Each structure stands twice: as C-alpha cells, then as structure tokens.
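Spelled out, the chains give:
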Amino acid sequence: MARWKQSWSDEDIKKLRMLAGTMPVTMIAKELGRTTGTVLAKAVEQKIPILLRTREVT
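For every chain, the first residue of its written sequence is number 1, and the numbers climb from 1 along that sequence. Per-residue local features are limited, in this predicted model, to residues with pLDDT of at least 70; the limit for side-chain atom pairs, both in listing and counting, is 80 or more; totals at the level of whole chains, interfaces and linings are taken over all residues. The side-chain values count all of the structure's non-hydrogen atoms but skip hydrogen atoms and water molecules.

Draft legend 1. Looking closely at the nonpolar core. The term nonpolar core refers to a set of buried residues drawn from Ala, Val, Leu, Ile, Met, Phe, Trp, Tyr and Cys, joined through side-chain atoms within 4.5 Å. In this scheme, a residue with accessible area under 20% of its type's maximum is buried, one over 50% is exposed, and one in between is partly exposed, where area comes from a 1.4 Å probe on protein chains only. With 14 residues, the main nonpolar core has Trp 8, Leu 16, Ile 28, Leu 32, Val 39 and Ile 50 as its most contacted residues. Where this core is concerned, the elements lending two or more residues are α1 (10–19), α2 (25–32) and α3 (36–46). Think of it this way: any DSSP run of H or I at least four residues long counts as a helix, any run of E at least two long counts as a strand, and we number them from the N terminus. When residues of this core are assigned to their parent elements, the largest contribution, four residues, is made by α2. Residue contacts follow a heavy-atom distance rule, with two residues in contact if any of their heavy atoms lie within 4.5 Å. In contact with Trp 8, not counting residues within four places along its chain, are Ile 13, Leu 16, Leu 32, Arg 34, Thr 38, Val 39 and Lys 42.

Draft legend 2. A look at the pattern of salt bridges. Take a side-chain nitrogen of Lys or Arg and a carboxyl oxygen of Asp or Glu: if they are within 4 Å of each other, that pair is a salt bridge. Under the definition given, this model contains three salt bridges. One salt bridge connects Asp 12 with Arg 34, and the closest N-O pair in it is separated by 3.1 Å. Here the residue Asp 12 occupies a position in helix α1, and Arg 34 occupies one in the loop between α2 and α3, the gap between them amounting to 22 residues. Pair check on accessibility: Asp 12 and Arg 34 agree, each one buried. A salt bridge links Lys 42 to Glu 45; the nearest nitrogen and oxygen atoms lie 2.7 Å apart. Of the two residues, Lys 42 and Glu 45 both sit in helix α3, three residues apart, roughly one turn of that helix. What makes Lys 42 buried here is its relative accessible area of 13%. By relative accessible area, which is 52% here, Glu 45 ends up exposed.

Structure (structure tokens):
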C-alpha cells in the first residue's frame, strides 16, 4: 500500500511533533515518507506548529 494511503500511527505523530520547528516541512515530509500536504494537514489537525520556509525576494 502506498505510504500516503496509510493511517498515521502514534509513532508517526510523535516523530512529527519532535521534528516540527526544527526543520522545514519538506524535510519532515521526506523523513516521514509522506507528502508535504499530508504533513501540513496532520500538523494543523494536531495543532502542531510547523516551520515553513519561503524564499525571500531580494
């Protein structure tokens, strides 16, 4: 089964909480083997603050 179709386990959520705020969401998604969209959705659902990096225009 594709990873994005799998439910979030307690261990996945624990890892998300640990990584949130320490690295960009793209890296968290890669670490968890999920898409950035599913990581962001779960973070919002769990009220976990996520570090978002945007490119600065100079």
